[in-house]
Amino acid sequence: IYIPEAFIGAFLGRKAENLKSLQTLTNTRILVDQPTAPAPPGRRPVHLAGQPAALTWAQQIIHQRLVEEMGPDSVIGLYEEGMAPAVAAVQEQNF
């Protein structure tokens, strides 16, 4: 998925506590690419790995947090730009 650069700090949290908490809660692995990774302007690639149900759950939580941080209009704009979150089920992939 691609999340807005402006959301990275809130997504990760202090000392990546939010990221670690989300991984534990959903039993997924989440990798946030460096700003230099290829991505649409203003977006950062985020890779999710885990069981299909866990990936869906993690994606829903990320979407909810985006709405809370950026507002519903901003998230709708992401969809209109073709940036709707999408997760491919990855079975036990190591980063």
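See the structure printed just above.
Residues numbered from 1 in each chain as written. Predicted model: local features only at pLDDT ≥ 70, side-chain atom pairs only at ≥ 80, totals over all residues. Heavy atoms only, no water.

A. Inspection of the pattern of salt bridges at higher detail. Scanning the entire structure with this criterion turns up one salt bridge. A salt bridge links Glu5 to Arg44, with the shortest nitrogen-to-oxygen separation between them at 3.0 Å. Of this pair, Glu5 sits in the loop between β1 (2–4) and α1 (8–12) while Arg44 sits in strand β3 (residues 43–49), and the two are 39 residues apart along the sequence. Accessibility expressed as a relative area gives 30% for Glu5, which makes it partly exposed. On the basis of relative accessibility, which here comes to 11%, the residue Arg44 falls in the buried class. (Salt bridge = Lys/Arg side-chain N within 4 Å of Asp/Glu carboxyl O. Helix = DSSP H or I, 4+ residues; strand = E, 2+ residues; numbered from the N terminus. Buried < 20%, exposed > 50% of the residue type's maximum accessible area, 1.4 Å probe, protein only.)

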